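Survey of secondary and tertiary structure
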Amino acid sequence: MTKYILAPSIVSADHLRLKDEIALCEANGANWFHVDVMDGHFAPNITFGPFLVETYKRATKLPLDVHLMIEKPERYISAFAKAGADILTVHVEACADINTIVDQIKSVGCKAGVAINPETPISSVETIFPIVDLVLVMSVRPGFSGQVFMPETVSKVVEARKRLDEINSQAYLEVDGGISTKTLHLMKNAGANVFVAASAIFNHSAGTEAGLKEMRTAVLA
């Protein structure tokens, strides 16, 4: 397993230049693409569905880390798997039976992840740590790119890392929300090893390539 993963959030890319944006990411140290799927109900934004995931899959060989910020995600697991998702992450807050949905994700050939919002305690998901491939701690509330990083979530990453290490889990510990060169080191020191970045890459004042290089340098520092 690669020690540290940089996962640009493709929702913030310039979709008129998507092929070029993807190529820049691949050439400048991206390991995965993070795909934020929002339904306007669970998260106050609407993004895209399986059709665009299938488009991304044709445009890159990097893994697609698909983050389902939607109600009743079990309805769409198969569709996103068929579209090309490599990892499917669901929110515990949106699942009536998280264990069953994790099993469903694995049954369609994807790695399974569980995500928690900033106000949700680690204790609400730690019982399924032995069976998941990824744990995502949100450091902003789901919805929109460019939100301010919530420093109180650092302690949650510390706790999640402790619980994962106690059971010798090889699951990735991912952070998403307000991740920049200034906040990444906090989450890295707390124990995270996958870093989702949106505005810090695609809205960088010097362009996407500069944003990628800065973030990659921070990941490897």
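A short tour of the structure in this document, coming up. (Residues numbered from 1 in each chain as written. Predicted model: local features only at pLDDT ≥ 70, side-chain atom pairs only at ≥ 80, totals over all residues. Heavy atoms only, no water.)

Some words on the packing of aromatic side chains
The final tally for this structure, using the stated rule, is three aromatic pairs. With 5.6 Å between their ring centres and 80° between their planes, F48 and Y56 make a pair best called edge-to-face. What makes F48 buried here is its relative accessible area of 13%. On the basis of relative accessibility, which here comes to 0%, the residue Y56 falls in the buried class. When the ring centre of Y4 is taken as origin, the NZ or CZ atom of K188, which lies over that ring, is 4.5 Å away. (Phe/Tyr/Trp six-rings, centres within 6.5 Å; stacked < 30°, edge-to-face > 60°. Buried < 20%, exposed > 50% of the residue type's maximum accessible area, 1.4 Å probe, protein only. Lys NZ or Arg CZ within 6 Å of the ring centre and 35° of its normal.)

Structural notes on the pattern of salt bridges
Here the structure, examined in full by the defined rule, presents eight salt bridges. E21 is paired through a salt bridge with R17; the nearest N and O atoms lie 3.5 Å apart. Note that R141 is salt-bridged to E119, the shortest N-O span being 3.9 Å. Here the residue R141 occupies a position in the loop between β6 (134–138) and α5 (154–166), and E119 occupies one in the loop between β5 (111–116) and β6, the gap between them amounting to 22 residues. Linked through salt bridges whose partners overlap, the residues forming this network are E126, R163 and E166. (Salt bridge = Lys/Arg side-chain N within 4 Å of Asp/Glu carboxyl O. Helix = DSSP H or I, 4+ residues; strand = E, 2+ residues; numbered from the N terminus.)

Quick notes on the environment of M150
For M150, the position within the fold is in the loop between β6 and α5. Judged by its relative accessible area of 12%, M150 falls in the buried class. For the pair formed by M150 and V140, sequence separation is 10 residues and the distance between their alpha carbons is 6.0 Å. Dropping the residues within four chain positions of it, M150 is found in contact with P118, S139, V140 and R141. (Contact = heavy atoms within 4.5 Å.)

Structural notes on helix α4 (residues 98–107)
Those residues of α4 that fall on the buried side of the exposure criterion are I98, I101, V102 and I105. On an axial view of α4, the arc spanned by its buried residues comes to 105°, and they lie on one face. Structurally, α4 contributes buried residues whose contacts are with α3 (77–83), β4 (87–91) and β5. Of the residues trailing α4, G109 is marked for its positive phi of about 90°. (Arc of directions from axis to C-beta.)

Section: the pairing of strand β2 (residues 33–38)
Most of β2 is tucked away, with six of its six residues classed as buried. The side-chain alternation of β2 yields two buried faces, one formed by F33, V35 and V37 and the other by H34, D36 and M38. In terms of strand pairing, β2 meets strand β3 (residues 64–69) through six bridges, oriented parallel. Its bridge partner lying in β3, F33 is registered against L64. (Pairing = 2+ DSSP bridges.)

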